[in-house]
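Next come the chains, spelled out residue by residue.
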Amino acid sequence: MMMTTTTMSNPSDLEMESSELSLGDHHIDFIEEAEKESAPLTASAPISIPAMLCDEKLLEEINSIPDKMGFKIGDVAEILGIKQYVLRYWETEFEVLRPKKASNNQRMYTRKDVENALLIRKLLHRDRFSIEGARNAMKELKAHVKKEKDMTQVYHKLEGINETVEDLILDIRKLRQLFK
């Protein structure tokens, strides 16, 4: 996979400028717009999957996840249409799929775990990735989401600095007016 990088001369240029796409090059705004158009069935936080990895079917599946606090392995297997042992195997192969265990040692999946499992299933079954290829795609996704989060934090800090500088410029102009 080819990763493209862009340099930003202006913080408002956070959107990607390259026409070549690779894993994670699109910002999540596209997905959020698509969710708004399809009227999501759940009231959850926006998903954080780059647009390139999403398709209509995946968005529908994510929106059809029941709005619950936790899911047992049988519930997740039913949502995904796979056997429970496949989920257990995926837990050994993918870092992002690590459900918590309850006091009775039952796996309890969060909504995010179910979304990750849906993405893994899509990569393996529809996109025909190997386990290794899907694992690498998920690692790149995790790195991209972290990088995007860091860039967002930097952008917000720059906005704050910009506002401070603008306030200082106004104060300097006012002082100049006083001494004229």
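Everything here concerns the structure above.
Criteria and cut-off values
- Residues numbered from 1 in each chain as written.
- Predicted model: local features only at pLDDT ≥ 70, side-chain atom pairs only at ≥ 80, totals over all residues.
- Heavy atoms only, no water.
- Buried < 20%, exposed > 50% of the residue type's maximum accessible area, 1.4 Å probe, protein only.
- Helix = DSSP H or I, 4+ residues; strand = E, 2+ residues; numbered from the N terminus.
- Arc of directions from axis to C-beta.
- Contact = heavy atoms within 4.5 Å.
- Expected span 1.5 Å × (residues − 1).
- Axes fitted to C-alpha atoms, helices over the stretch in contact; angles between N-to-C directions.
- Parallel < 35°, antiparallel > 145°, perpendicular 65-115°, else oblique.
- Left-handed = near helix turned anticlockwise from the far one by under 90°.
- Nonpolar A, V, L, I, M, F, W, Y, C, P; charged D, E, K, R; others polar.
- Patch = residues over 30% accessible without salt bridge, like charges linked within 9 Å, V, L, I, M, F, W, Y side chains within 5 Å.
- Areas by Shrake-Rupley, 256 points an atom, 1.4 Å probe, with all protein chains shown as cover.
- Salt bridge = Lys/Arg side-chain N within 4 Å of Asp/Glu carboxyl O.

Student: What exactly am I supposed to notice about helix α4 (residues 84–93) here?
Tutor: Each α-helix turn comprises 3.6 residues. Residues three or four places apart therefore point the same way. Three or more residues of α4 are buried, namely Val 86, Leu 87, Trp 90, Glu 91 and Glu 93. Across the axial projection of α4, the buried residues extend over an arc of 165 degrees, all falling on one side. Facing away from the buried side of α4 by over 90 degrees, the exposed positions are Tyr 85 and Thr 92. The inward-facing, buried residues of α4 abut α3 (73–80), β2 (107–108), α5 (111–126) and α6 (131–179).

Student: What's the story with α6 in this structure? I'm lost.
Tutor: Helix length check: α6 (49 residues) gives 72 Å between terminal C-alpha atoms against 72 Å at 1.5 Å per residue, within 8%. Tucked inside the fold, the buried residues of α6 contact α4 and α5.

Student: Even after reading the chapter, I still don't get the packing of helix α2 (residues 56–63) against α5, so can you show me in this structure?
Tutor: Across the interface, α2 lies against α5 with an axial gap of 10 Å and an inter-helix angle of 155 degrees. It follows that α2 is roughly antiparallel to α5 by the angle criterion. In this structure, the crossing between α2 and α5 has a hand that is right-handed. Facing α2, whose interface residues are Lys 57, Leu 58, Glu 61 and Ile 62, α5 presents Arg 111, Glu 115, Leu 118, Leu 119, Arg 121, Lys 122 and Arg 126. For the contact of α2 with α5, a count of residues per class yields 4 nonpolar, no polar and 7 charged.

Student: Just checking my understanding: could you explain a nonpolar patch on the surface for this structure?
Tutor: Side chains of Val 154, Leu 158, Ile 161, Val 165 and Ile 169 sit close together on the surface and give an oily, nonpolar patch of about 390 Å² of accessible area. Turning to its location among the elements, Val 154 is positioned in helix α6. A relative accessible area of 41% places Val 154 in the partly exposed class.

Student: Help me out: how do you make sense of unusual backbone geometry in this one?
Tutor: Note on backbone geometry: most residues besides glycine have negative phi, and most peptide bonds are trans. Despite not being glycine, Asn 105 has its phi angle at roughly 70 degrees, a positive value. Inspection of the secondary structure puts Asn 105 in the loop between β1 (100–101) and β2. Of note in this structure, Arg 128 is not a glycine but carries a positive phi near 65 degrees. Judged by its relative accessible area of 67%, Arg 128 is exposed.

Student: Quick question: what am I supposed to make of the pattern of salt bridges here?
Tutor: Where charged atoms from two side chains of opposite charge come close, those side chains can pair. A full pass over the atoms with the stated rule returns 12 salt bridges. Linking Glu 95 and Lys 142 is a salt bridge whose minimum nitrogen-to-oxygen distance equals 3.9 Å. Taken together, the residues Glu 95 in the loop between α4 and β1 and Lys 142 in helix α6 connect sequence positions 47 residues apart. The class of Glu 95 is exposed, set by a relative accessible area of 51%.

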